[in-house]
Amino acid sequence: MGYDDVLKHLGEFGRYQKRIYFLLCIPTISCALHKLAWVFLGAKVNHRCQLPYETENATFDLGREWNMTIPWDASRNKPSKCLRLDANFTPEYFEDGIPAEKHVECHSWIYDTSVYKSSAVMEWNLVCEDAWLRATADSIFMTGVLIGSLVFGDLSDRFGRKPTFFISLVLQVVAGIFAAVAPDYISFVIARMVVGATTSGVFLVAYVIGVEMVGPSARLFTGVFCQYFFSLGFILTAFFSYFVKDWRMLQVALTLPGIVFFCYWWFIPESVRWLLAKGRISEVKVLLQSAAKENKVDLPDELIKKLTEEKEEKEKDAQNHSLFDLFKYPNLRKKTLYIFFNWMVISGSYYGLSWNTSNLGGNDYLNFLISGAVEIPGYTFTLLTLNVWGRKMPLCGSMLVGGTVLLLTLAVPSDMNWLFITLAMLGKLAITAAYGAIYIFSAEQFPTVIRNVAIGASSMSARVGGILAPFINLLANYWKPMPFLIFGALAFSGGLMILLLPETMRKQLPETIEDGENFGKKHKADKDLEEEATALSPHHENHSNKEELKAVGA
């Protein structure tokens, strides 16, 4: 007997589980605030060279002196941001009206503060030759997310979901405040890397607790619905940033709400599945009885006794396998590589498009707000279709549509920026839908004995995409459509790979490594048996009977 059998009596998604699940979803908002904040903390602003005769508080607009001080950048059809004319700038020079022919590089800059009053980019001059440091800050943050998924994932397995969750919450607040007062770029990115690590501890551990306490019928809903809270955090980031113009105060404003979640210690229970695995039976009984009381059901003592006395053989089997088993067999290796690639592409495209809103043109806040809002229909599409159309086609279709509309940005005329923004947002919507589907599809592709390890490795692949995304966005400094073309091409390629993977909805999921290797294979004998079954019963569409026929033939 497993815990899922107990949930059939307790209620797969009863009042108790709904209350805990909703509470666990709320901290996801805080994780979104931190993951997306750099768009505004390190906001890109118009800038130009500070001229020798100017003070630090000089205004950005030079008026009629532009053509006598700053060279024209023909490639961007605007004044240069990183060069100035090599002249003495005396009154006689300006009266002469003939601009100098030579130019020199800037060593200090004047920033346009009409939209952003301050940002880390302004404070530490992360522009021109140092513009790569802006991308590096986001990349280091995502490196922290990768490290956090490894560290906090291990801690949650060793010491429990609940203590790991609260350690992450405390560290997130402490590191977030330190980032707000960091005196230099290096200490700032280190603090942000710690914050990135804690988002894994908060989000992933909360996700695991939430999913582990519901029955199979509710896992699709619980797996996708929490993403709505992340989207809400996305939208709130724009509101916080619009009203808090100082970047250090913005960092504080995004961090302090996390203190509220400290009170969760008294409301969030430990995972029953983890307690069972550790043999902490007395605590299991107390939690199950509390859940039964709140769900208003009777849970027989015999049922609890059976659960705590029996051990599932598949848990023993899982300990004998490692990630390398996924690469020992050709079919399983192929499927694993396709899935890892798609996790990397989806995550990289999702964060790349989210962080790239300032390169779209127009109002940065509005672009960012729309980019967050389109996630709502994206996740809704996933939620409504995965149990109707299957897992494969919604995921594949989302990737292909997303890739296509992003590639179409290449054909948009320069004077139709509204169309460029529209295509970018449609691409973001499609990629978001794919992000919601890839979790379920991947989990059902991998064998039970190695499923947790495989999903963890998939998540690591996703982090690689997030680490690379800021540097892909950096290419927009040279050609605006370039990041969208790269994300589009990768997404389209990923969608084609999904076509090569088997459908998993209503299929017997693989349990062993051998099952995983055979899952999705089409042998001639299998085809002959299916044809024979169809001939004998042309109107028969019951999948389970076909499986039985195959078993007999084997």
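Residues numbered from 1 in each chain as written. Predicted model: local features only at pLDDT ≥ 70, side-chain atom pairs only at ≥ 80, totals over all residues. Heavy atoms only, no water.

Novice: What's the story with the overall build of the protein chain in this structure? I'm lost.
Specialist: Tallying secondary structure elements over the protein chain gives 26 helices and six strands in all. Put simply, the protein chain has 554 residues, and 52% of those count as buried. Here the contacts in the protein chain between residues at least 6 apart in sequence split such that 78% fall between residues at least 24 apart. Of the roughly 25,800 Å² that the protein chain leaves accessible, carbon and sulfur atoms contribute 62%. (Helix = DSSP H or I, 4+ residues; strand = E, 2+ residues; numbered from the N terminus. Buried < 20%, exposed > 50% of the residue type's maximum accessible area, 1.4 Å probe, protein only. Contact = heavy atoms within 4.5 Å. Areas by Shrake-Rupley, 256 points an atom, 1.4 Å probe, with all protein chains shown as cover.)

Novice: Help me understand unusual backbone geometry, please; the structure alone is not making it clear to me.
Specialist: In terms of backbone geometry, most residues other than glycine have negative phi values and most peptide bonds are trans. For Asn-125, which is not a glycine, the phi torsion comes out positive at approximately 50°. For Asn-125, the position within the fold is in the loop between helix H7 (120–124) and helix H8 (132–159). A positive phi angle, close to 60°, is found at Lys-296, a residue other than glycine.

Novice: So what exactly am I meant to see when it comes to the state of the cysteines here?
Specialist: Counted under the stated rule, the structure contains two disulfides. Residue pairing for Cys-49: its cysteine sulfur links by disulfide to Cys-106, the two sulfurs lying 1.2 Å apart. Between Cys-49 and Cys-106, the S-S dihedral sits near -40°, and the bridge is therefore left-handed. With a gap of 57 residues between them, Cys-49 in strand S1 (residues 47–49) and Cys-106 in the loop between strand S5 (103–105) and strand S6 (109–111) connect regions that are remote in the sequence. Here the two residues Cys-49 and Cys-106 agree in accessibility, since each one is buried. Shown here is the disulfide that connects Cys-82 with Cys-128, its sulfur atoms set 2.0 Å apart. Handedness here is read from the sign of the S-S torsion; for Cys-82 and Cys-128, about -95°, the answer is left-handed. Separated by 46 residues along the polypeptide, Cys-82 in the loop between strand S3 (78–79) and strand S4 (83–85) and Cys-128 in the loop between H7 and H8 bring together distant segments of the chain. For Cys-82, a relative accessible area of 28% gives the class partly exposed. For the protein chain, the bonded cysteines pair up as 1-3, 2-4 when numbered in the order they occur along the sequence. (Disulfide = S-S within 2.5 Å.)

Novice: Help me understand the environment of Lys-8, please; the structure alone is not making it clear to me.
Specialist: Mapping Lys-8 onto the fold places it in helix H1 (residues 3–10). According to the relative accessible area criterion, Lys-8 is exposed, its value standing at 60%. Along the primary structure Lys-8 and Val-214 are separated by 206 residues, whereas in three dimensions their C-alpha atoms are 9.8 Å apart.

Novice: Can you help me understand the pattern of salt bridges in this one?
Specialist: Two side chains bearing opposite charge may form a pair once their charged atoms approach each other closely. A complete count under the given rule lists seven salt bridges for this structure. One salt bridge connects Glu-283 with Arg-280, and the closest N-O pair in it is separated by 2.7 Å. Across the salt bridge formed by Lys-428 and Glu-375, the nearest N and O atoms sit 3.0 Å from each other. Placement of Lys-428 in helix H21 (residues 417–445) and of Glu-375 in helix H19 (residues 375–385) is noted, with a sequence separation of 53 residues between them. (Salt bridge = Lys/Arg side-chain N within 4 Å of Asp/Glu carboxyl O.)

Novice: Please clarify how the nonpolar core should be interpreted in this entry.
Specialist: Across soluble globular proteins, nonpolar side chains have a tendency to be buried as a group. Ranked by internal contacts, the top residues of the largest apolar core, which has 143 residues, are Phe-165, Phe-188, Ile-346, Leu-395 and Tyr-435. With 13 residues, H21 is the single largest residue contributor to this core. Leaving out residues up to four positions away in the same chain, Ile-346 has contacts with Leu-395, Met-399, Ile-431, Ala-434, Tyr-435 and Ile-438. (Core = buried A, V, L, I, M, F, W, Y, C linked by side-chain atoms within 4.5 Å.)

Novice: Is there a simple way to think about the confidence of the model for the protein chain in this case?
Specialist: Any region with low pLDDT has predicted coordinates that should not be read closely. Mean pLDDT over the protein chain works out to 83, with 90% of the residues at or above the 70 mark. Mean pLDDT values for the elements of the protein chain range from 37 in helix H26 (residues 543–553) up to 95 in helix H12 (residues 247–255). A low-confidence stretch, residues 311–318 stays under pLDDT 50, and its non-local contacts, those more than four residues away or across chains, total five contacts. (pLDDT = per-residue confidence, 0-100.)

Novice: Teacher, can you tell me more about the packing of aromatic side chains here?
Specialist: One pass over the structure, following the stated rule, counts 36 aromatic pairs. Between Trp-38 and Phe-188, the aromatic rings sit 5.6 Å apart at their centres with planes inclined by 35°, giving tilted as the arrangement. One end of the pair, Trp-38, is in helix H4 (residues 38–41); the other, Phe-188, is in helix H10 (residues 185–212), with 150 residues separating them in the sequence. Comparing Trp-38 with Phe-188 shows no difference in burial state: the two are buried. For the ring pair Tyr-350 and Tyr-435, a centre distance of 5.3 Å and an interplane angle of 85° mean the geometry is edge-to-face. With Tyr-350 in helix H17 (residues 330–355) and Tyr-435 in helix H21, this residue pair connects regions lying 85 residues apart in the sequence. Tyr-435 matches Tyr-350 in its accessibility class, with the two residues each being buried. (Phe/Tyr/Trp six-rings, centres within 6.5 Å; stacked < 30°, edge-to-face > 60°.)

Novice: Help me understand the packing of helix H18 (residues 364–373) against H21 in this model?
Specialist: When two helices pack together, their arrangement is given by the angle between their axes and by how far apart the axes lie. Look at H18 against H21: their axes get within 9 Å of each other, and the N-to-C directions meet at 30°. Here the hand of the crossing between H18 and H21 comes out right-handed. In this structure, H18 uses Asn-367, Ile-370 and Ser-371 to contact H21, whose residues at the interface are Ile-421, Met-425 and Lys-428. (Axes fitted to C-alpha atoms, helices over the stretch in contact; angles between N-to-C directions. Left-handed = near helix turned anticlockwise from the far one by under 90°.)

Novice: Help me out: how do you make sense of the side chain of Thr-409 in this one?
Specialist: One can find Thr-409 in the loop between helix H20 (392–407) and H21. Leave out the neighbours within four places in its chain, and Thr-409 touches Phe-420, Leu-423, Phe-484 and Leu-485.

Novice: I would appreciate a short explanation of the packing of helix H11 (residues 219–243) against H19 in the present structure.
Specialist: Interaxial distance between H11 and H19 falls to 9 Å at its minimum, and their mutual angle equals 175°. When the interaxial angle is binned, H11 and H19 end up roughly antiparallel. In this structure, H11 contributes Leu-220, Phe-221, Val-224, Gln-227, Tyr-228, Ser-231 and Phe-234 to the contact, and H19 contributes Glu-375, Ile-376, Tyr-379, Thr-380, Thr-382 and Leu-383. Here the contact of H11 with H19 is composed, by residue class, of eight nonpolar, four polar and one charged. (Parallel < 35°, antiparallel > 145°, perpendicular 65-115°, else oblique. Nonpolar A, V, L, I, M, F, W, Y, C, P; charged D, E, K, R; others polar.)

Novice: Looking at this structure, how should I read H10?
Specialist: In an α-helix, one full turn covers 3.6 residues, which means residues spaced three or four apart are oriented alike. Taking 1.5 Å of rise per residue, 28 residues should cover 40 Å, and H10 covers 40 Å from first to last C-alpha, within 8% of that figure. Taking burial as the measure, the 28 residues of H10 include 22 buried ones, the bulk of the element. Between the side-chain oxygen at the start of H10 and the backbone nitrogen of Ile-186 there is a gap of 3.3 Å, and the oxygen is on Asp-184. (Expected span 1.5 Å × (residues − 1). Polar contact = N/O pair within 3.5 Å; in protein donor to acceptor, adjacent residues only side chain to side chain.)

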